[in-house]
Amino acid sequence: MSILPLLRRLAPPLRASWLRIQGRDISYVERVRFLQELKVHESLCSSFIPDGKFLVYHYGKPLLRVDKANTKDAIVWLTFTEVKNHYPELLSSYVLLDVSEEGKPRYSVQVGGIPSYTKEKLEDETGGIFTDLRLGMFMVSWQEAHTLSRANCVHMWNKNNAFCGKCGAPTKRNASGYSRKCTSCDMTHYPTSAPVGIVLVTDPEHQHIVLVRQPRHPQGMYSCIAGFSDVGESLEETVRREVAEEVGIEVSKVTYIASQHWPFPGSLMTGCFAEVEKQSLDIDKDELQDARWFSKEEVGAALARIDANPNLRLRGNPSGELFVPPPGAIAFHLISHWFKGTPLQEIHQHIY
């Protein structure tokens, strides 16, 4: 007997009330309220699984159409039946993602246990490839990058929180995958993000910026200063401390610009500008390989290089010439809008 009718019969009153919004464009408020209902009411979340769309992961690699990179069709979305035909254990490893503009719940499923021939068949039938997540983040739009990041982080959170952090007993997930309850002490655990301050340091005349290079960066790449917030710190304190630690200068006038969720390891990247008079840098060699002031001319050339070849982020630049992170990273937007001279109050709307 098919499981679809059984799932659809769950939570009939609630399901009926939300079915009315299916198949039409709905407002942001409607989407958010529907998503919250799905998170809270387990039977409602389960009842919409047969009607949902699924983003598929295989050992942390999302299924993407490489030939559709940087278009709205880069992510491969499958139906419940399409996934279940390849992965019968779907109901044990899915998580809720969001609600589409058409009012459809969207989920993600981790299919790491499938045989290699099933994986290859799935790729052949969809035209997709299970793609390294770091590369995938730069193949999709800004909004879809957040979708990839959310899916990976919720999957990893469930994997890493199978036992209670308070008493050590096993935990049991709810239907959406957004909470886990201890089977012994009843404590409920929720996924969280680690706050990170990422800052573009500029001189007051906005003619030079500080970019830094970490040892793990590919050859030629420099980026913004960034670091995790300490307990009890404000965003402004985090930014000032990180700049002081890494390049030995004291900044002022910290201004929030925009934020981005990032899946490595599960951070909320909060982008800022900060000003300081151009001066010598005192580099922390334990943290950085290099840090420099760069002119507008140098930054313009670096932006042109990453625009012409986004794969530099993965492979590096053999010539050693400067390039910056590609558009999938918030660092790119901070740097590019500084270069363009976009008014600070307008940058957010250009990004989103």
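Residues numbered from 1 in each chain as written. Predicted model: local features only at pLDDT ≥ 70, side-chain atom pairs only at ≥ 80, totals over all residues. Heavy atoms only, no water.

Caption draft 1: Spatial organisation of the nonpolar core. Formed by 46 residues in total, the largest nonpolar core has its most connected members in Leu148, Leu200, Leu211, Val324 and Ile335. If one sorts the elements of this core by residue count, helix H12 (residues 330-340) sits on top with 6 residues. With near-sequence residues (within four places) excluded, Ile335 lies in contact with Leu200, Ile209, Leu211, Cys224, Val299, Leu303 and Val324. Judged by nonpolar contacts, the second largest core, of 30 residues, contains Val95, Val99, Leu122 and Val154. (Core = buried A, V, L, I, M, F, W, Y, C linked by side-chain atoms within 4.5 Å. Buried < 20%, exposed > 50% of the residue type's maximum accessible area, 1.4 Å probe, protein only. Helix = DSSP H or I, 4+ residues; strand = E, 2+ residues; numbered from the N terminus. Contact = heavy atoms within 4.5 Å.)

Caption draft 2: Main features of helix H10 (residues 296-308). For H10, which comprises 13 residues, the first-to-last C-alpha distance of 18 Å matches the rise-based estimate of 18 Å (1.5 Å per residue) to within 8%. Looking at the buried residues of H10, the elements they touch are strand S11 (208-213), strand S15 (290-295), helix H11 (312-315) and H12. (Expected span 1.5 Å × (residues − 1).)

Caption draft 3: The environment of Arg313, seen in detail. With respect to the helices and strands, Arg313 occurs in helix H11. On the basis of relative accessibility, which here comes to 14%, the residue Arg313 falls in the buried class. Once residues within four sequence positions are removed from consideration, Arg313 is found in contact with Arg134, Phe138, Pro218, Met221, Ile306, Phe323 and Pro326.

Caption draft 4: Seen up close, the pairing of strand S12 (residues 225-228). What you see with S12 is a clean split: Ile225 and Gly227 sit on the buried side and Ala226 and Phe228 on the side with no burial. Of the strand pairs in this sheet, strand S10 (residues 194-202) and S12 are connected by 4 bridges, and their pairing is antiparallel. If you follow Val199 over to S12, its bridge partner there is Ile225. (Pairing = 2+ DSSP bridges.)

Caption draft 5: Broad picture of unusual backbone geometry. Backbone torsion omega between Phe264 and Pro265 reads 5°, so that peptide bond is classified as cis. The residue Pro265 is located in the loop between strand S13 (252-262) and strand S14 (267-275) in this model. The backbone of His206 sits at a positive phi, close to 55°, despite the residue not being glycine. Residue position: His206 is located in the loop between S10 and S11.

Caption draft 6: Layout of the side chain of Glu123. If you trace the backbone, Glu123 turns up in helix H6 (residues 116-126). Glu123 sits in the buried class, given a relative accessible area of 14%. Contact partners of Glu123, with chain neighbours within four places excluded, come to Leu63, Gly128, Ile129 and Phe130.

Caption draft 7: View of the sheet that holds strand S8 (residues 180-182). Taking strand neighbours across the sheet as the criterion, the 3 strands line up as S7-S8-S9 in an open arrangement whose pairing is antiparallel. Two strands bound the open sheet, and with one partner strand each, they are strand S7 (171-173) and strand S9 (188-189). Note: S7 against S8, 3 bridges, orientation antiparallel. Across the sheet, the residue bridging to Thr171 is Cys182, located in S8.

Caption draft 8: Region of the structure containing a nonpolar patch on the surface. A cluster of nonpolar side chains, Tyr28, Val29 and Val32, forms an exposed patch at the surface whose accessible area comes to about 300 Å². For Val29, the location among the structural elements is in helix H3 (residues 28-40). (Patch = residues over 30% accessible without salt bridge, like charges linked within 9 Å, V, L, I, M, F, W, Y side chains within 5 Å. Areas by Shrake-Rupley, 256 points an atom, 1.4 Å probe, with all protein chains shown as cover. Salt bridge = Lys/Arg side-chain N within 4 Å of Asp/Glu carboxyl O.)

Caption draft 9: Summary view of the side chain of Thr342. Position of Thr342 among the secondary structure elements: in the loop between H12 and helix H13 (344-351). Taking the relative accessible area as the measure of exposure, Thr342 reaches 14% and is therefore buried. Those residues in contact with Thr342 that lie beyond four places of it in its chain are His337, Ile347 and His350.

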